[in-house]
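Take a look at the letters that make up each chain.
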Amino acid sequence: MVNRIVPLPISKLNIDKSVMTYLMNIGQKITCGTYIWYIEGPDENIIVDTGCDARLQTAGGFPAEQIMTSEEALRNVGLKPEDVDIVIITHLHTNHCADSHKYRNAKFIVQRREIEAALNPHPAFAYMFNKRFFADVKFEVVDGEEEIAEGVKVLLTPGHSPGGQSVLVETVSGKAVITGFCCIRENFEPPTQLRKKFRFIMPGIHIDMVDLYESMKRVSDIADIVIPLHDQEYLKVRSIP
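Let us look at the structure shown here. (Residues numbered from 1 in each chain as written. Predicted model: local features only at pLDDT ≥ 70, side-chain atom pairs only at ≥ 80, totals over all residues. Heavy atoms only, no water.)

**Details of the nonpolar core**
Now for step 1: With 33 residues, the main nonpolar core has Ile5, Trp37, Ile88, Val167, Ile178 and Ile227 as its most contacted residues.
Now for step 2: Sequence-distant contacts of isoleucine 227, that is, excluding residues within four places in its chain, are made with Ile5, Trp37, Ala176, Val177, Ile178, Thr179, Tyr234 and Ile240.
Now for step 3: Of all hydrophobic cores here, the second largest spans 30 residues; its members include Ile10, Ala73, Phe108 and Phe125. (Core = buried A, V, L, I, M, F, W, Y, C linked by side-chain atoms within 4.5 Å. Buried < 20%, exposed > 50% of the residue type's maximum accessible area, 1.4 Å probe, protein only. Contact = heavy atoms within 4.5 Å.)

**Description of the sheet that holds strand S12 (residues 225–227)**
Now for step 1: Judged by pairing direction, the sheet is mixed, and its five strands sit side by side in the order S8-S9-S10-S11-S12 without closing on themselves. Edge strands, defined here as strands with exactly one partner in the open sheet, are strand S8 (146–149) and S12. Here the strands of the sheet are splayed against their neighbours by 25° on average, with no regard to which way each runs.
Now for step 2: Note: S8 against strand S9 (residues 152–156), three bridges, orientation antiparallel. The residue bridging glutamate 146 from the neighbouring strand is valine 154, located in S9. (Pairing = 2+ DSSP bridges. Helix = DSSP H or I, 4+ residues; strand = E, 2+ residues; numbered from the N terminus. Axes fitted to C-alpha atoms, helices over the stretch in contact; angles between N-to-C directions.)

**Side note on the packing of aromatic side chains**
Now for step 1: Applying the stated rule across the entire model yields eight aromatic pairs.
Now for step 2: Between phenylalanine 108 and phenylalanine 139, the ring centres sit 6.1 Å apart and the planes meet at 90°, which makes this aromatic pair edge-to-face. Remark: phenylalanine 139 occurs in strand S7 (residues 139–142) and phenylalanine 108 occurs in strand S6 (residues 107–111); sequence separation between them is 31 residues.
Now for step 3: A relative accessible area of 4% places phenylalanine 108 in the buried class.
Now for step 4: Its relative accessible area of 18% is what places phenylalanine 139 among the buried residues.
Now for step 5: Between phenylalanine 125 and phenylalanine 129, the ring centres sit 6.1 Å apart and the planes meet at 75°, which makes this aromatic pair edge-to-face. No difference in accessibility class separates phenylalanine 125 from phenylalanine 129, as the two residues are buried.
Now for step 6: Through a chain of ring-to-ring contacts, the aromatic side chains of Phe181, Phe188, Phe200 and Tyr213 assemble into a single cluster. (Phe/Tyr/Trp six-rings, centres within 6.5 Å; stacked < 30°, edge-to-face > 60°.)

Such coordinate-based values are descriptive only and should not be taken to indicate function.
Here it is, written out as structure tokens:
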């Protein structure tokens, strides 16, 4: 079986770079993407994350410009939302699950730690979750690493959220991992002048920095291809690999 990942850009964000690089690059603006990730190859139609309207992101403090609706994005791979069999939710922040209601025939995969925390969040991070986008979803709950389909596996990678999960896809170029936490390429590949001091630059949004570091290390050690969840490069990439 030959799998590949197709990034489907939903919106572009213009944000302060410090959102992605903790305590660094304050005041520097960057472009990021919000995506649906279509996994082509398995018998099932599988996507990672659901898409989110740019107006919702903007209202939440992250100015965004719509590129496509979820429906338009899926049309580019010959699908409609009702054709999707499996939706893997990396984590339950709004920009990753807001369009869940559109996938009425899909099985939704989430980590137990994520859904339990999202439904009863600690006050410190309650603002990160909006239950109206996921409270009525009938999730299939997993605990840790689990195979979802042939060549597709989820990995528990907490820290950005309580139970984020990354998605490993076996491809002809090796293991490609879509990170289950919000980051950009620079988080995994610091500028040359910082590499002696930092293996990683920590993403700016996290609930546990140590857990997030260990999640980044796990992804980096496993993956032949690291796919940072919000990097702008995938606004133009048609296929991975």
